[in-house]
Amino acid sequence: MSSFLQLFHPFPFKVIDGHDIYLQLEDGKKYMDLFTGLGVNLLGHNHPDIIEALSHPFPMHLCALLEHSLKEEVARDLARITKFDKVFFSNSGTEAIEGALKFMWKWLEKRSSTNERVFAFRDSFHGRTLGSLSVTDLFSHQNFPRLNIDVVFLPFGDTQMLAQEVERGCGFMILEPVQGAAGVKCAPDDFYRTLTRLQKEFGFGLIVDEIQSGLGRTGEFLASTLFGLEPDIVTLAKGLGGGIPLGAILIKERIANAIKPGDHGTTMGGNYLALRLAKVVIKQVQNLLDHVRNLDMLMKDILAPQLLNNEKIRTVRHKGLFIAIELKVEKADEVKEILFEKGYLVNSIRRKIIRLLPPLIITIDELREAVQQINEVIEEF
Ligand SMILES: Cc1ncc(COP(=O)(O)O)c(C=O)c1O
C-alpha cells in the first residue's frame, strides 16, 4: 500500500529521466511530453541553461530579511518587460493569488470601500487555498468555507451582464484572460474591450491571473497584451522558477502604495535558487515568443482545420501553445490512455477535452507529429 496520499490519477509508470520535450519512464520508453507537468516545463526537461545555472554554488536559502541581488534583478526584469511597478515573490500560484487578494483588500481599505462587491467568473480556477477557492467557481461544489466577502460569479464572456453588474458596484475583479482549467476558453473580443472601458469609467481594481496563460504560452509574455487588458495586478507561477516553486505578483503603483511592510510576507518565496532559474526562464521565454507565434499560425492555418475535419471533434480552441481539443463524446480519458501507449503524454479534462500545454521549445515538426497522432487516435473511436 502506498504511503503517499494520491490525489490525482497519475500515469502508471515512474519518470526516470527527461531531455528536451521527452520524458523517459521506467518501462524504458520515451514519451513526448505535451502537458509539461501542467504547464511548468516551458523550456522542456534539462535545458542546458537551467543545468548551467544549477551547476554553480549558491546559498540554499536566504530569508526574506536578507537582501541579495537576484531579488532586485528578477523583479526589475519582470517589471521592465511587463511595464509593472513592483514585484513580490511567492512559492506557488495559489499563494500569488492569496497575496493579490490581500493587496487589493488593502487598496479598497485605503479608499474606504471594503464593502464593495468582488467579481469573479463562472468556470474560473485560481488555486486550492481558501482565499483562491473563494474566487474559484470550478470547485464550488466541494463545500469548503469561503472568505467572508461578497463574491459575484458572472458568466465569462457575457458583455451585457458585465456592464450591468459593474454599474451596480464593483470593488475589484479577478479573471483568467484565457480560462485554462475550463478548457482554454477565451471570451469574445468585445468582452475584453468593454471590461477595459468599464475599468476606466468606474475605477475598479483588476487582477489578471496569468498563472497558466502567462510567460509566453500564448505567444505574448503576458496574455493580457493580446486582449488589451490593463490589470493592476498580474499573478504568475508555474514555469517561472524553471521547475523550482516560484510565483510572482506584479503590481501597479496605485495598489503598491496601499501596502505597507508587515501586510504580507513569506519565508521561502523568491528563494535564491528559484530566482536564479527564473532569470534563465525569463530570458529564454522572451527569445521564444516569435517561435510560439509561428506555431500559433501553424495551428490556426493548418493543424486546427485538420482536426476540425475529424467528425469526432466538436471544436478546437487555441492561443499559441495553449490548446484544447473538445470531443463530441465523453472519451477524453480513453484518448489520453491510448496516446500514452503510443508514447504521447496529454492531459484530459472535463471528460471531453484534451488539453495540450507543450513546452515552448517544441518544434514545428514535433507539433505536427503530435497533432497528427492525436487526430488519428480520436478518429479510431
Ligand atoms: C489560472 C491558475 N491560477 C492558479 C493556479 C494555482 O497554481 P498552483 O497550483 O501553483 O497553486 C493554477 C494552477 O493550475 C492556474 O491554472
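1. A look at empty space enclosed by the protein
Here comes step 1: What the rule picks out here adds up to three cavities of 30 Å³ or more.
Here comes step 2: The computed volume of the largest cavity comes to approximately 60 Å³.
Here comes step 3: In terms of lining residues, the largest cavity is bounded by Gly39, Leu42, Ile211, Gln212, Gly214, Leu215, Arg217, Ala237, Lys238 and Gly239.
Here comes step 4: Counted by class, the lining of the largest cavity contains four nonpolar, four polar and two charged residues.

2. Remarks on the environment of Thr36
Here comes step 1: As for its position among the elements, Thr36 is in helix α1 (residues 36-39).
Here comes step 2: Look at Thr36 and you get buried, because its relative accessible area is 0%.
Here comes step 3: A C-alpha to C-alpha distance of 8.8 Å links Thr36 and Val346, two positions 310 residues apart in sequence.
Here comes step 4: Residues in contact with Thr36, not counting those within four places in the same chain, are Asn41, Arg217, Leu357, Pro358 and Pro359.

3. Describing the domain arrangement of the protein
Here comes step 1: Split into domains, the protein comes out as domain 1 (15-47 + 288-379) and domain 2 (51-284).
Here comes step 2: Domain 1 and domain 2 are separated by 26 Å when their C-alpha centres are compared.
Here comes step 3: Contacts between the two partners involve 27 residues from domain 1, matched on the other side by 28 residues from domain 2.
Here comes step 4: Buried surface at the junction of domain 1 and domain 2, summed over both partners, amounts to about 2300 Å²; 61% is from carbon and sulfur atoms.
Here comes step 5: If you sort the residues of domain 1 by the area they bury against domain 2, Lys319, Phe322 and Arg350 come out on top, with a joint share of 28%.
Here comes step 6: Inspection of the domain 1/domain 2 interface yields two salt bridges.
Here comes step 7: Remark: the boundary between domain 1 and domain 2 carries 11 residue pairs in polar contact (both at pLDDT 80 or more).
Here comes step 8: Put simply, the parts of the chain that give the side of domain 1 that touches domain 2 at least two residues each are α1, α10 (272-308), β11 (313-319), β12 (322-327) and β15 (353-356).
Here comes step 9: A total of four residues in the side of domain 1 that touches domain 2 trace back to one element, the largest contributor, which is α10.

Calculation criteria
Residues numbered from 1 in each chain as written. Predicted model: local features only at pLDDT ≥ 70, side-chain atom pairs only at ≥ 80, totals over all residues. Heavy atoms only, no water. 1 Å grid on protein atoms, 1.4 Å probe; cavity = no way out; pocket = protein on both sides within 12 Å on 5 of 7 lines; lining within 4 Å. Points joined across faces, edges and corners; volume = space filled by probe spheres on them. Nonpolar A, V, L, I, M, F, W, Y, C, P; charged D, E, K, R; others polar. Helix = DSSP H or I, 4+ residues; strand = E, 2+ residues; numbered from the N terminus. Buried < 20%, exposed > 50% of the residue type's maximum accessible area, 1.4 Å probe, protein only. Contact = heavy atoms within 4.5 Å. Domains from an automatic or database assignment. Buried area = accessible area lost by both parts, 1.4 Å probe. Salt bridge = Lys/Arg side-chain N within 4 Å of Asp/Glu carboxyl O. Polar contact = N/O pair within 3.5 Å; in protein donor to acceptor, adjacent residues only side chain to side chain.

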